[in-house]
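The chain contents come next:
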Amino acid sequence: MKEKLAGKIALITGGSSGIGLATAKLFAAEGARVFITGRRQAELDAAAKEIGGNVVAVASDVSKLADLDRVFAMIQERAGRLDIVFANAGGGAFMPVDQVTEEHVDKYFGINVKGTLFTVQKALPLMSAGGTIVITGSMVSVQGVAAFGVYAATKAALRSFARTWAAEFKGRGIRVNVISPGVVVTPGYQSELGMTNEQIEAFKAEAAETTPLGRTGTPEEIAKAVLFLASDDSSFVNGIELFVDGGAAQI
Ligand code: NAD
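Residues numbered from 1 in each chain as written. Predicted model: local features only at pLDDT ≥ 70, side-chain atom pairs only at ≥ 80, totals over all residues. Heavy atoms only, no water.

### Details of the environment of Gly194
Heads up, the rule is: We count a stretch as a helix when DSSP gives it H or I for four or more residues in a row; a strand needs E for two or more, and each element gets its number in order from the N terminus. Residue contacts are defined here by distance: any two heavy atoms, one from each residue, within 4.5 Å place the two residues in contact.
Tracing the backbone through its elements, the reader meets Gly194 in the loop between helix H6 (188–191) and helix H7 (197–209). Considering only alpha carbons, one finds Gly194 and Ala93, 101 residues apart in sequence, at a separation of 8.4 Å. Among residues more than four places away in sequence, those in contact with Gly194 are Tyr189 and Gln199.

This is how it looks when you write it as structure tokens:
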């Protein structure tokens, strides 16, 4: 069967771990040439090895505009264009509203909102009709989860960007959609959220209880939905938020 992304050039921010890494593997298997970014070169190199095939790994912080400029200059030089952007790098931390600090707000709005905005802005000159942008949101864009307010607000902002950009790119043939995962255990639960193995198991059990499918998801399940939005299979899908959450945010 024909590869779904044969000959496509794709950028995946936050492609060294979790959902981004699973998507990079799937994109490469479907014939894409994949550029991945993340903050640490050692992890990126390990990820590139795991992905195999046609991959370039670049250390770059999405919240730093000069880093983004370096990434797009490299893509321009090595590939000359960009067909798919998976703006996925992101993170969050639990913090009740009475403890939220300016630093916390700046950090997560800087990575999730500013980082995504400038990733897309700087990608556009390399993209043309048929290009696709997929942004990683979260089911918390529409759910109230205690102590997750700043993170949830960043993801709601991304959902809003997708609507605006779908309108703004009218006539250019570039589609933009949001993928909103439910609970999917990834390395970020330890490295970003600071959870222990025991806490992760308890969290998974709790999430399974409130999810119609009775379990949490996997990075590979999210990757398959990203492939749908990034490929021609979704050629008339634009401006949506696709929840991949086992139904958790739908009931
Ligand atoms: P992860 O920690 O395993 O991976 C995050 C990736 O983003 C890593 O490659 C990391 O290097 C990169 N990253 C983080 N900050 C960055 C920065 N400033 N610049 C460049 N790269 C950066 O986490 P994950 O769970 O795979 O998260 C991926 C995306 O999915 C995030 O946007 C997250 O908010 C979202 N998400 C995750 C879940 C979940 O349950 N795992 C649910 C909803 C949404």
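There is more to say after this.
### With respect to the packing of helix H1 (residues 18–29) against helix H8 (residues 219–230)
Two numbers describe a pair of packed helices, the interaxial angle and the distance between the axes. Going by this rule: Only C-alpha atoms enter the line fits that serve as axes; for helices the fit covers just the stretch in contact. Angles between N-to-C directions range over 0 to 180 degrees. Angles below 35 degrees are treated as roughly parallel, those above 145 as roughly antiparallel, those between 65 and 115 as roughly perpendicular, and all remaining angles as oblique. Here a crossing is taken to be left-handed if its near helix is turned anticlockwise relative to the far helix by less than a right angle, and right-handed if that turn runs clockwise. Residue type decides the class: Asp, Glu, Lys and Arg count as charged, Ala, Val, Leu, Ile, Met, Phe, Trp, Tyr, Cys and Pro as nonpolar, and the leftover types, Gly among them, as polar.
Contact pair H1 / H8: the axes reach a minimum separation of 8 Å and the direction vectors enclose 55 degrees. In this view, H1 runs oblique relative to H8, as classed from their interaxial angle. Seen from above, H1 lies across H8 with right-handed handedness. Every residue of H8 that contacts H1 at Gly18, Ile19, Ala22, Thr23, Leu26 and Phe27 is listed here: Pro219, Glu220, Ile222, Ala223, Lys224, Val226, Leu227 and Ala230. By residue class, the composition of the contact of H1 with H8 is 10 nonpolar, two polar and two charged.

### Here we look at the pattern of salt bridges
To be explicit about the condition: Any carboxyl oxygen of Asp or Glu within 4 Å of a side-chain nitrogen of Lys or Arg constitutes a salt bridge here.
In total, this model carries 10 salt bridges according to the counting rule given. Arg70 is the salt-bridge partner of Asp67, the closest N and O atoms lying 3.7 Å from each other. Of the two residues, Asp67 and Arg70 are both situated in helix H3 (residues 65–78); the distance of three residues between them amounts to about one turn of the helix.

### Remarks on the packing of H3 against helix H4 (residues 102–123)
One way to put it is that H3 packs onto H4 with a least axis distance of 10 Å and a crossing angle of 35 degrees. Helix-helix and strand crossings are classified by hand; for H3 and H4 the assignment is right-handed. Residue-level inspection shows Leu65, Leu68, Asp69 and Phe72 of H3 in contact with H4, the latter providing Lys114, Gly115, Phe118, Thr119, Lys122 and Ala123. Of the residues belonging to the contact of H3 with H4, the class tally is five nonpolar, two polar and three charged.

### Considerations on the pairing of strand E2 (residues 33–38)
Stated formally: The cut-offs for exposure are 20% and 50% of the maximum accessible area for each residue type, with area from a 1.4 Å probe on protein chains only; residues under the lower value are buried, those over the upper are exposed, and the others partly exposed. Strand pairing is defined by DSSP finding a minimum of two bridges between the two strands. The handedness of a crossover follows from its direction of travel: if, with the strands pointing away from the viewer, the path from the first strand over the helix to the second runs clockwise, the crossover is right-handed.
The element E2 is extensively covered by neighbouring structure, given that five of its six residues are classed as buried. Two strands pair when backbone bridges link them, and strand E1 (residues 9–13) and E2 are joined in this way by five bridges, in the parallel orientation. Pairing of Ile12 across the sheet is with Ile36, part of E2. Regarding the hand of the β-α-β motif, the stretch spanning E1, H1 and E2 is right-handed. Taken together, the five bridges between E2 and strand E3 (residues 55–59) define a ladder with parallel strand orientation. If you follow Val34 over to E3, its bridge partner there is Val55.

These results come straight from atomic positions and should not be treated as a statement about function.
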